[in-house]
Amino acid sequence: MELEEKPKYGEPRKYDSSFKGPIQNRSCTDIVCCILFIIALLGYFAVGILAWSQGDPRKVIYPTDSRGQFCGQAGTPLEKKGMLFYFNIMKCASPMVLLEFQCPTTQMCVETCPDKFLTLVKAYTNTKDFDYYKTFCKEGVTNNMGIPEILKQGLCPSMLTPSKPFTRRCFPALGLKGGLITVGNNSHFDDGSGTMRDAKDLVDGVKNATVVMEARQVVMKIFEDYTKSWYWIVIGLVIAMLTSLLFIVLLRFLAGIMVWVMIVMVILVLGYGIFHCYMEYAALKGEAGANVTLQEIGFQTDFTVYLQIRQTWLAFMIILAIVEVIIILLLIFLRKRILIAIALIKEASRTIGHVMCSLFYPLFTFLLLAIVIAYWAVTAVFLSTSNQPIYKVFNETMCDHSRKTCEPANYSISIEKTQCPDSECLFAFYGGETAYHKYLIGLQFYNVFLFFWCANFVTALGQMTLAGAFASYYWAFNKPDDVPAFPVFSSLGRSLRYHTGTLAFGSLILSIVQIIRVLLEYLDHKLKGAHNKCTKFLLCCLKCCFWCLEKCVKFINRNAYIMTAIYGNNFCTSAKNAFFLLMRNMIRVAVLDKVTDFLLFLGKLLIVGLVGIFAFFFFSGRVKAFEDTAPHLHYYWVPILTVAVGSYLIAHGFFSVYAMCVDTLFLCFLEDLERNDGSAERPYLMPENLRKVLNKKNKTEPAE
């Protein structure tokens with residue numbers, strides 16, 4: 001007698017007369033992971049408290065003088081002195097600046113930057129000039145002190161040059177006159193020792209002093225743009241929210257029509273984008289400098305420069321054309337399957353109509369994610385600013401103690417000062433040698449990992465909650481009479497009470513994959529200068545593999561949460577049952593589920609396109625009606641990009657309810673086909689319109 005071969009993907013579900021939807025009598029699952037998650041959260045709170053007690057965000061807000069004091073900090077003697085002044089900017093031309101990010105010259109906080117040429121020798125002869133000069137000197141300078149004594153003690157700079165503030169720092173006001181570099185309209189200046197110097201000598205100092213500030217300048221401009229346009233951005237996001245809500249409501253009553261409207265509108269929006277890019281490309285023909293390639297121009301902090309190049313618009317046009325062609329081809333090949341997907345969307349609309357509070361659940365998810373992101377960001381800032389000020393010896397002549405750490409309080413009587421009379425003990429950077437500072441990178445890593453874990457947990461909680469609510473509707477024999485009251489709240493309670501461990505398990509697996517991807521990106525960034533092709537290829541393969549793995553884990557997790565919400569099993573059992581169920585119905589998965597996801601994606605794309613086009617014409621000033629209303633910005637793409645990304649997230653939030661509803665109904669629909677056969681004893685619970693599309697009917701129904 002031969003043994004029966006077991007089915008490759010498990011036995012189909014058997015009919016169970018007692019099954020009425022999500023099981024009420026269930027027990028806690030994956031308890032070990034639940035305990036581990038709670039311990040990890042307690043550790044996360046401990047890291048936050050430690051960071052908040054040690055960190056100081058003022059270090060990234062205010063410039064710091066040679067004593068490590070913050071310029072312009074409210075409530076301190078330097079409150080009105082918000083600018084950082086360099087005694088000798090030319091010392092910043094030293095290559096060491098690029099390594100240590102600190103100029104080897106005295107830096108002090110001042111109220112305003114100097115606005116005229118003045119040497120100490122010249123100022124000393126005039127009481128009024130000397131009083132002005134002393135505002136750029138250290139404390140303790142008197143009219144009775146001689147010039148040699150002042151310079152020997154390093155109390156004053158030897159000269160002042162006209163300067164302008166840049167990122168709260170005083171830099172020489174360099175200009176160009178007759179092809180010559182000038183400062184204060186002069187091509188030469190007195191360096192304070194009686195020697196006339198060329199203004200171009202200041203260039204290297206300014207260049208090195210600003211090399212660290214260029215990125216900060218862009219950030220400051222972007223921040224300024226946000227302060228000018230934030231309320232318009234909010235209005236754009238509100239429009240996106242209302243548009244998304246309108247689409248959801250229309251889908252509830254006009255699902256079939258709205259799907260075809262979405263398809264046509266997406267094609268039209270992309271077509272208009274291609275047309276607009278072509279018009280911009282054609283308009284730049286013959287313009288001076290418009291034919292420069294992107295490779296030739298390199299990276300520019302002023303991104304509007306790229307919009308003056310024909311190649312930029314050509315690239316946009318090609319990308320949009322490729323997307324347009326792909327979408328049209330997919331629609332042609334999937335035209336017969338779209339009808340089935342529309343039936344599934346109609347049923348999802350009907351389900352959401354009976355579980356209306358599910359539409360507002362994404363707001364709760366957004367709130368929890370906002371808390372997680374805010375906690376991570378604040379902790380990261382405090383951790384990165386929890387170092388102590390480090391002071392180093394800076395000198396102009398040879399010295400054995402050069403670049404060694406020092407103590408500014410007693411430096412004047414120290415051995416270093418005795419052996420190197422012209423040296424100074426200046427603030428260098430923030431660091432530390434304590435045990436806390438040694439493990440700071442580990443704490444930052446823990447902060448990032450827990451951020452991923454908590455964010456994925458919040459997302460998983462939303463998926464399981466919605467799955468439980470929608471499954472309650474599907475398995476109700478008499479809809480909607482048999483649907484339990486407040487299905488979303490009931491499902492949320494079950495998920496937190498019984499399945500916190502399952503949610504933590506699934507989100508932990510996903511977080512591990514994501515943190516590995518982050519480490520690979522960091523490694524790729526560090527090895528960009530390497531020319532080893534084998535290493536680059538291996539790294540590229542690893543990044544691709546882990547990207548695919550992340551997508552697979554998300555897919556498995558999502559379906560595992562649906563099965564857990566229905567049957568109350570642990571993560572591994574639910575994942576296995578969901579996977580086997582999908583594999584037993586692989587063709588239906590490819591046909592129905594993915595086509596529906598594609599249609600919902602078109603809906604999100606349409607909302608982003610409509611709001612993005614509106615934002616582009618408003619902020620770019622292309623429409624005369626908005627010229628006086630739109631704010632004047634450094635980079636008008638900042639609010640446009642913010643509105644576009646925000647619109648996608650908002651649309652994704654609303655459509656994610658639909659996507660979760662479709663996925664839940666789809667799994668329930670597959671189980672319905674396996675459990676029941678349409679007979680009077682085992683009738684299908686799927687809605688009538690879905691049965692018609694699939695040519696299924698209950699035997700109790702009259703023949704057509």
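Note: the structure precedes this text.
Residues numbered from 1 in each chain as written. Predicted model: local features only at pLDDT ≥ 70, side-chain atom pairs only at ≥ 80, totals over all residues. Heavy atoms only, no water.

J.: When you look at the overall build of the protein chain in this model, what are you seeing that I'm missing?
T.: In terms of helices and strands, the protein chain carries 23 helices and twelve strands. Put simply, the protein chain has 704 residues, and 46% of those count as buried. Looking at the protein chain alone, contacts between residues at least 24 apart form 71% of all its contacts between residues at least 6 apart. Carbon together with sulfur atoms contributes 65% to the accessible area of the protein chain, which is approximately 37,200 Å² in total. (Helix = DSSP H or I, 4+ residues; strand = E, 2+ residues; numbered from the N terminus. Buried < 20%, exposed > 50% of the residue type's maximum accessible area, 1.4 Å probe, protein only. Contact = heavy atoms within 4.5 Å. Areas by Shrake-Rupley, 256 points an atom, 1.4 Å probe, with all protein chains shown as cover.)

J.: Even after reading the chapter, I still don't get the state of the cysteines, so can you show me in this structure?
T.: Covalent bonding between the sulfur atoms of two cysteines defines a disulfide. Taken as a whole and assessed by the stated rule, the structure comprises three disulfides. Each sulfur of the disulfide joining C71 and C109 lies 2.0 Å from the other. Every disulfide takes its handedness from the sign of the S-S torsion; for C71 and C109 that torsion is -75°, giving left-handed. Taken together, the positions of C71 in the loop between α2 (58-61) and β1 (83-86) and C109 in strand β2 (residues 107-110) put the pair 38 residues apart, joining distant regions of the chain. Grouping residues by exposure puts C71 and C109 together as buried. (Disulfide = S-S within 2.5 Å.)

J.: Could you clarify how one ought to interpret the environment of Y567 in this entry?
T.: The residue Y567 is located in helix α19 (residues 533-567) in this model. A sequence separation of 545 residues divides Y567 from P22, and the C-alpha atoms of the two residues are 6.0 Å apart.

J.: Explain the packing of aromatic side chains here, please?
T.: To describe a pair of aromatic rings, one takes the distance between the centres and the angle between the planes. Across all of its chains, the model carries 24 aromatic pairs by this definition. Note on F37 and F457: the rings are 4.7 Å apart at their centroids and 25° apart in plane angle, and the pair reads as stacked. Here F457 lies in helix α16 (residues 440-474) and F37 lies in helix α1 (residues 31-54), a separation of 420 residues in the sequence. F457 carries the same exposure label as F37, and that label is buried. Clustering of aromatic rings is evident, with ring pairs tying together Y44, F45, W52, Y375 and Y446. (Phe/Tyr/Trp six-rings, centres within 6.5 Å; stacked < 30°, edge-to-face > 60°.)

J.: Could you clarify how one ought to interpret the pairing of β2 in this entry?
T.: Of the two faces of β2, both are covered, the one formed by Q107 and C109 as well as the one formed by M108 and V110. Both β1 and β2 contribute to a ladder of four bridges, which runs antiparallel. Within β2, the position partnered with F85 by the bridge is M108. (Pairing = 2+ DSSP bridges.)

J.: I would appreciate a short explanation of the pattern of salt bridges in the present structure.
T.: A side chain of one charge can pair with a side chain of the opposite charge when the charged atoms of the two come close. Considering all chains together, one arrives at six salt bridges under this definition. In this structure, R517 engages E550 in a salt bridge whose closest nitrogen and oxygen atoms are separated by 2.5 Å. Note that R517 is positioned in helix α18 (residues 500-526) and E550 in helix α19, a separation of 33 residues in sequence. For E550, a relative accessible area of 7% corresponds to the buried category. The network of salt bridges with common partners includes R517, E550 and K554. (Salt bridge = Lys/Arg side-chain N within 4 Å of Asp/Glu carboxyl O.)

J.: Even after reading the chapter, I still don't get α1, so can you show me in this structure?
T.: Given 3.6 residues to a turn, an α-helix orients residues that are three or four positions apart in the same direction. Taking 1.5 Å of rise per residue, 24 residues should cover 34 Å, and α1 covers 35 Å from first to last C-alpha, within 8% of that figure. Of all the positions in α1, only C33, C34, F37, A40, Y44, V47, G48 and A51 are classed as buried. (Expected span 1.5 Å × (residues − 1).)

J.: Would you take a moment to explain empty space enclosed by the protein for this structure?
T.: Unoccupied space between atoms shows up once a probe the size of one water molecule is rolled over them. In the structure shown here, the tally under the stated rule is three cavities of 30 Å³ or more. Roughly 110 Å³ of internal volume is contained in the largest cavity. Along the walls of the largest cavity sit twelve residues, with F85, Y86, F87, I89 and T161 positioned nearest its centre. Of all the secondary-structure elements, those providing two or more residues to the lining of the largest cavity are β1 and β6 (169-172). Examining the composition of the lining of the largest cavity, we find that three residues originate from one element, β6, more than from any other. Class assignment of the residues belonging to the lining of the largest cavity gives a composition of nine nonpolar, three polar and no charged. (1 Å grid on protein atoms, 1.4 Å probe; cavity = no way out; pocket = protein on both sides within 12 Å on 5 of 7 lines; lining within 4 Å. Points joined across faces, edges and corners; volume = space filled by probe spheres on them. Nonpolar A, V, L, I, M, F, W, Y, C, P; charged D, E, K, R; others polar.)

J.: Quick question: what am I supposed to make of the nonpolar core here?
T.: Within soluble globular proteins, side chains that are nonpolar generally end up buried alongside one another. Formed by 109 residues in total, the largest nonpolar core has its most connected members in V259, W453, Y474, L599 and Y658. In terms of residues, this core owes the most to one element, helix α22 (residues 637-675), which gives 19 residues. Apart from the residues within four sequence positions on either side, Y658 is in contact with I248, L251, R252, I345, A348, S349, I352 and L600. C113, A123, F136 and C170 belong to the second largest nonpolar core, which has 20 residues in total. (Core = buried A, V, L, I, M, F, W, Y, C linked by side-chain atoms within 4.5 Å.)

J.: Got a minute to help me understand the layout of surface pockets in this structure?
T.: Considering only enclosed or pocket space, the largest pocket measures out at about 1,800 Å³ in volume. Listing elements by their share of the lining of the largest pocket, those giving two or more residues are α13 (361-384), α16, α18, α19, α21 (586-619) and α22. Counting residues per element, the lining of the largest pocket draws most heavily on α22, at twelve residues. Considering only residue class, the lining of the largest pocket consists of 22 nonpolar, 14 polar and nine charged.

J.: What's the story with the environment of V638 in this structure? I'm lost.
T.: Of note, V638 is situated in helix α22. Once the C-alpha coordinates of V638 and D225 are considered, the two residues, 413 residues apart in sequence, prove to be 7.3 Å apart. What V638 contacts, discounting residues up to four positions off in sequence, is I222, D225 and Y226.

J.: What exactly am I supposed to notice about the packing of α13 against α16 here?
T.: Packed helix pairs are specified by the crossing angle of their axes together with the interaxial distance, meaning the distance between the axes. Two elements in contact, α13 and α16, have axes separated by 10 Å at closest approach and are oriented at 180°. When the axes of α13 and α16 are compared, the pair comes out roughly antiparallel. For the contact of α13 with α16, the residue count by class is 17 nonpolar, eight polar and no charged. (Axes fitted to C-alpha atoms, helices over the stretch in contact; angles between N-to-C directions. Parallel < 35°, antiparallel > 145°, perpendicular 65-115°, else oblique.)

J.: Looking at this model, I keep getting lost on the packing of α1 against α16. Mind explaining?
T.: At a closest axis distance of 10 Å, the pairing of α1 and α16 adopts a crossing angle of 130°. Taken together, the axis directions place α1 and α16 in an arrangement best described as oblique. For the pair α1 and α16, the sense of crossing is left-handed. Every residue of α16 that contacts α1 at L36, F37, A40, L41, G43, Y44, V47 and L50 is listed here: L443, Y446, N447, L450, F451, W453, C454 and F457. Classifying every residue of the contact of α1 with α16 gives 14 nonpolar, two polar and no charged. (Left-handed = near helix turned anticlockwise from the far one by under 90°.)

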